[in-house]
Amino acid sequence: MIKAILVFNNHGKPRLSKFYQYFNEEMQQQIIKETFQLVSKRDDNVCNFLEGGSLIGGADYKLIYRHYATLYFVFCVDSSESELGILDLIQVFVETLDKCFENVCELDLIFHVDKVHYILNELVMGGMVLETNMTEIITRIDDQNKLEKQETWLRVTFGYSQSSKIHSKGEDFSQQRTSSKI
Amino acid sequence: MALRKVKGNLERMFDKNLTDLVRGIRNNKESEPKYISQCMEEIKTELRQDNLAVKANAVAKLTYLQMLGYDISWAGFNIIEVMSSPKFTYKRIGYLSASQCFHQDTEVLMLTTNMIRKDLNSHNMYDSGTALTGLACFINGDLARDLANDVMTLLASTKPYLRKKAVLLLYKVFLKFPEALRPAFPRLKEKLEDPDPGVQSAAVNVICELARKNPKNYLSLAPVFFKLMTSSTNNWMLIKIIKLFGALTPLEPRLGKKLIEPLTNLIHSTSAMSLLYECINTVIAVLISISSGMPNHNASIQLCVQKLRILIEDSDQNLKYLGLLAMSKILKTHPKSVQAHKDLVLQCLDDKDESIRLRALDLLYGMVTKKTVMEIVRRLMTHMDRAEGTMYRDELLQKIILICSQNNFQYITNFEWYISVLVELCRMEGTQHGGLIANQLMDVAIRVVAVREFTVGQMALLLDNAHVIVGPAAARSSIAEVLYAAAWICGEFSQLLANPKATLESMVRGKVVSLPGHIQAIYVHNMLKLYAHIIATAEEEDDTEMIEEVTNLLLERLPVLVSSGDLEVQERASCIVHIVTYVQKCHKNGDKVGADLALLMMGELNPVAPKAQKKVPLPDGLDLDVWLNDPPSESEEEDDEVYRKDIFVKADSSSKHKKEKYEPSEEELQRLRDVRKAEQANNPYYVKSPANVNTLPQHLVKAEDIPIENLYMNVPLKIQGMTSLDKYQMVDGWQDGKKRHKKQKKRSKKKDRAVSSSDEEAPPMHVVNRDVGEMPEGAHFSDDNEADDRPEDDPHRALDINLDEPLAPNEVLPTRSHYEAKTQRTDEEEAKSLRSDAASQKKSRSKKEKKEKKEKSKKAKKEEKKSKKSSKGGDNLILDLVDELKETSLQDTETGTHVNGIDNSNKQKVADDLDFWLSREETSVPSLPVEKHEEPVVSDAHVKDDVEAEKTKSKKSKTKKEKKTKKEKDKSEKRSKKKEIQEAEPEVSSRNREEYEETNGTVSQEPERTKPLPFLRMLAEDSVLKMMYTTAAMDGVMSEVLVCIKFANLSSKPISNLQLNLPDSGALKMVRIDPLSDIISFPWTLEAEESREAQLSFTAEDVTIPHKLRGFLSYTQEGGSSQLNVRLEFPVVNFLSGKTASRSTFTDLLSSGQLTARSSFTVPDCQLSFSEILDEMTRGGSLAVVESVDQTASMYGRSLHGHHVCVLVKYQTSGRLTVDGKSTEGTLLSNALDHLKTTLMQTK
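If you're wondering where the values come from, they're calculated on a predicted model, not measured in any experiment.

Peer 1: Lay out the sheet that holds strand β6 (residues 1079–1081) of chain B in plain terms, naming residues and giving numbers.
Peer 2: All names here are of chain B. An order of β6-β4-β8-β9 is seen for the 4 strands of this open sheet, with the pairing classed as antiparallel. This sheet does not close on itself; its edge strands, each paired only once, are β6 and β9 (1120–1130). Between one strand axis and the next, the sheet turns by 20° as a mean value, whatever way the strands run. Here strand β8 (residues 1107–1117) pairs with β9 via 11 bridges, running antiparallel. Residue pairing in the sheet places T1116 in a bridge with S1121 of β9.

And the structure:
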């Protein structure tokens, strides 16, 4: 089971938080803070696993993370998940984001956290891995986006359109990507 | 027009969307909280609008603010409104928000049941998908109960996307509503063979999650998973399955043996590191579970260790980490194979990655031997000097102590060295493990007599230099604890001290007052011990000067401690002051008290076993559950509770346990003292003092100002005489310089050898008391009483459910009729809670919903009726369940009529199935061709259709046939009597079918087969009584044939005194209540035209040949008694049972090459139809159809003694019937086929 998925930047600012176990808002912030402190002090060339923090989990839980450019992607999982498998899942997640946002950068996550959630929901459901095949994931997301576009013909705010990017791109994630292992 | 209006509305209202909000926050970095509170106000106004688009926008913004840590639960109702929007866009926003902030205690959730149900059943796939995803995050007990059935319906959806999500959601449903597990499990199991790999994977995922917590309940699924493992190529799923097997193998070692082969194949073949790693892990688990009996046992370990070495040597830190992790698992059972890689592990200790260093440390723990312990510890000590951060240093310290102390110092040959290590460790700054070091010091001092003098010397030095240890940094560490040990050791073994007086002085002089209370107490107590020792020796030597000196010293310094804030210190100090003054008084009178004083501290202290305290038997008359004080009055507590609940909904549970302050009365104090005394009496380290000591008169002491010497040392100094590890350095050849590494290595090897050889020759230097420790009489160390150690509230506790037992009648998922009433009520509650404007809107909606509900339920009822008529409810879940229940309840009433009083439990049968699967492999050739397990999915579906068609055909023909036979029988027999038998007949058949379907878990996935007809034969008949019998092989633990005899009274007068005299033949025996008598009497009377049933069980020694039993039945009617000759026939098919038939076992059998015997027969012109033939052949359930395609069928039966019989039936349109048989037993097969041939010819 995955207990939580956190994305924050190099300064510890949360960009996405998904808890599959209930914590109140204050606790959630503390967990994000603690996780950031644990993860951020590690070099980029050390291993991507570390024993869970004191607030979330305990002995059975592990933090598995990847660091892409300005963002940390952290998954808190228990012993039923394969460590390398989760690393690949993070890779799939980021690559999917990259496909959906066309060269994703931190700004995409800042302004479209809802979209990121919808994408994540196609990968993980209630703490369990739902789908790992990227083509399938992207088909589902595209379908849902189409559905949304049909409904919001007014395109006031919600329709996310690829052509109307408002902001300039930051650093590209893909530069730091390592090859997938599965 | 309307559109334009809406558009205008939107433009006016949408003053700020999510993007604006984010941008706004970024632009107001200085005054972020202020800006956000302003936005919150805006959001609140937006939520008050009727426009759903505006609300959705507001909720989207709230979701973002939630991530930043703002509580948005107040908007729960608005979120639900947005969720209920018909538009997917808004619905998605609502569900996302709900999944972020709702949890199982959220109260508004009770309003959502109907809405979510509507969404789940929506025709739009993504509506249902969104609802499923959301539900997975916030489902609670009520929702799980009410929606379980809807989720189950989605399992049968045509869209894999929904099936997949529904399967995953089931896990959450089970967690919140454990009652759903048993009724839903068969469905879930089916999904393991879903055509869509995603659904399959999801099902594996859920079952793995369930099985991980309660593995024993899922052992019976091992064959299914095994098949998946050998056939699947989906790495994600394989990883899960392999992990699951890792959890199952400890429970069933035979499973492990079966797994080794395919797992090693995978290890060799896979290129995916993640899969490789999990395979290794499970192989390790297998190797742990099977201790011996594997031929290539060592080969597997070597393979694992080899592969792990490759992982550890990899440049990827992740692989290195995992390699070490897995290595430590092997270490527990096969330390030798790991020790060969010591170099690698030591290398990892130098890694820059802390996680890897910690893992390497774990490994080192198990790699230590007598030869290597000094070297390894030395190495760790140098690491400690260099280590940054106290956390890692503490970890190192702890590991050093663990390494040295494991198994009662198994690996330590030189205890002086160990004491030196411990003393060295005392100098580490800021450690949290002072207590650990102290324990070790005391343990060694007690256990190793030979090293005691050395230890005492070192401890005296420690005491003398206490100020160095307890430096300014000591405040945050627990290093002062070592002084506890030092003081205690010096006191306890004071006779070994070189200069007791000096030690006493250093104890008194040091900054005792600044130490923690419990250490002060030990100081005080051991001062007395020292004092007693000094007095005793001084008296012997008549050294009055010395006596006076120490007495004065104590009397001078102790008063400070008498006024200590710590009660324990105060009590002990004042006690000692009085003893000392008493001694002083005695000395003034010229009495010698040294010997008396020594009596206080008499007795040897021995190590005490860790569980000794727990095992102390409870003395008679002591009830630990009785309150010591009067319990606080209940009413008060209740008031308190109510009060708290009203104000603090989520009051911290710990606050409930707060106790009021109270002043102890004199009596209570006395009681407390008694308790404390009892505690002290049980404390092994507490030195018991004779009771008369306390009787000394109380006497006030003035507190004096004592000049305290301030010796402030910032840098830990080398203390003269204090041991240091330097002198042991010659032992190891470790140097850190890289340049000289190679040369050094060679040299060190030589040295090592030299040292170790001398090590081996020299006997151990010290005798160590390695007992477990003292235990109270009669208690054993080994018996432990740990049960389920999971916390009470762990939801998995409730899921520890046996899944192999058939469903009971009351085990159904709640159906709609159940919640109909409830949802109406919640609708009303909903309406109440709403503000008036929203309420009206809501009401109309809920009314609509109610109407829809009613219509739906009406429809459902109609459908139910329809499907009942057609008796073909394959796609209706509820009906399926109902059917199942009917069957089980039928079975329930059926069992228990056993005359012999023996019944089979289904559980045993399932276990037997697993046994069958596991044992099969052991006898067969070890390498099973993998392709054999694969089943082409496409053709599978095809076959299913065919079988479906076949089934309906056979059903029709069967009913026809039944009618026919009825007519025929009617002709030959009297109508009225016949009826009764006819009535009893279906009962038997339903039971047979029941056993055949319910007991076999694996069969349920196979296409449904025709139910076997009963094997009804005439036993005996006269004008008054008619007896028919059926036989069935009861496969299972008991391996017996069940004979069911039906007695029918054909006359109009009652028959009584029925007695069956049936002597056993040599090879066939009845299971009797009274084994000595051949006679079985039936306790009942057969009334006029009544029929009854009795069941008898038989066991056969040889099941390969047919058997006959002859006997007679006697009865009385109207005073006169008559006899009837009885002949029971047992053709070999009676010993066969088709219950364990499944397609996989069948194909496995055929491919295994076990079936050596062959036989066949042909019937050139068979008059029966194909389905009739099948009915004939499966009569009595002795053979079961495994697969039936067109006009051919394969059948399977297993004898009570475990022989397999496989039969292939081919029917050509010309009427030519060929039956081919294969079996493990030749005689059995030929006899069985002979019987089948005769029956087929007869019925023709």
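Read on, since the account is not over.
Peer 1: Break down the environment of K87(B) for me, with residues and values.
Peer 2: Within the element layout of this structure, K87(B) appears in the loop between α5 (76–83) and α6 (88–101). Judged by its relative accessible area of 26%, K87(B) is partly exposed.

Peer 1: Tell me about the packing of helix α2 (residues 83–101) of chain A against helix α16 (residues 273–289) of chain B, residues and numbers included.
Peer 2: Axes are the key here: two packed helices are described by the angle between their axes and the distance separating the axes. The contact between α2(A) and α16(B) brings their axes to 8 Å, and the two run at 160°. When the axes of α2(A) and α16(B) are compared, the pair comes out roughly antiparallel. α16(B) is crossed by α2(A), and the crossing has left-handed handedness. On the side of α2(A), the interface is formed by E83(A), L84(A) and G85(A), while α16(B) contributes M273(B), S274(B), Y277(B) and E278(B). Grouping the amino acids of the contact of α2(A) with α16(B) by side-chain chemistry returns 3 nonpolar, 2 polar and 2 charged.

Peer 1: An account of the interface of chain B and chain A is requested, with residue identities and associated values reported.
Peer 2: Chain B puts 71 residues into the contact, and the matching count from chain A is 65 residues. Both faces considered, chain B and chain A share a buried interface measuring about 6400 Å² in area, 61% of it formed by carbon and sulfur atoms. Of all residues in chain B, M67(B), R92(B) and W236(B) give up the largest surface area on contact with chain A, accounting jointly for 13% of the area buried on that side. One can count 7 salt bridges joining chain B with chain A. Here K164(B) and E136(A) are joined by a salt bridge, their closest N and O atoms 3.7 Å apart. When residues in the side of chain B that touches chain A are grouped by element, the largest group, 8 residues, is from α6(B). Considering only residue class, the side of chain B that touches chain A consists of 35 nonpolar, 17 polar and 19 charged.

Peer 1: Explain the sheet that holds strand β4 (residues 62–68) of chain A residue by residue, including any values.
Peer 2: Through backbone hydrogen bonds, the strands of a sheet pair up, either in parallel or in antiparallel fashion. Residues and elements named next belong to chain A. Across the sheet, which stays open at both edges, the 5 strands sit in the order β2-β1-β5-β4-β3 with antiparallel pairing between neighbours. Only two strands of the sheet have a single partner each, and these edge strands are β2 (14–19) and β3 (49–51). Averaged over all pairs of adjacent strands, the angle between strand axes in this sheet comes to 20°, irrespective of strand direction. Sheet topology places β4 next to strand β5 (residues 71–77); 7 bridges connect them, and they run antiparallel. Within β5, the residue paired with K62 across the bridge is V77.

Reading the values: the criteria
- Residues numbered from 1 in each chain as written.
- Chains lettered and ligands numbered in written order.
- Predicted model: local features only at pLDDT ≥ 70, side-chain atom pairs only at ≥ 80, totals over all residues.
- Heavy atoms only, no water.
- Pairing = 2+ DSSP bridges.
- Helix = DSSP H or I, 4+ residues; strand = E, 2+ residues; numbered from the N terminus.
- Axes fitted to C-alpha atoms, helices over the stretch in contact; angles between N-to-C directions.
- Buried < 20%, exposed > 50% of the residue type's maximum accessible area, 1.4 Å probe, protein only.
- Parallel < 35°, antiparallel > 145°, perpendicular 65-115°, else oblique.
- Left-handed = near helix turned anticlockwise from the far one by under 90°.
- Contact = heavy atoms within 4.5 Å.
- Nonpolar A, V, L, I, M, F, W, Y, C, P; charged D, E, K, R; others polar.
- Buried area = accessible area lost by both parts, 1.4 Å probe.
- Salt bridge = Lys/Arg side-chain N within 4 Å of Asp/Glu carboxyl O.

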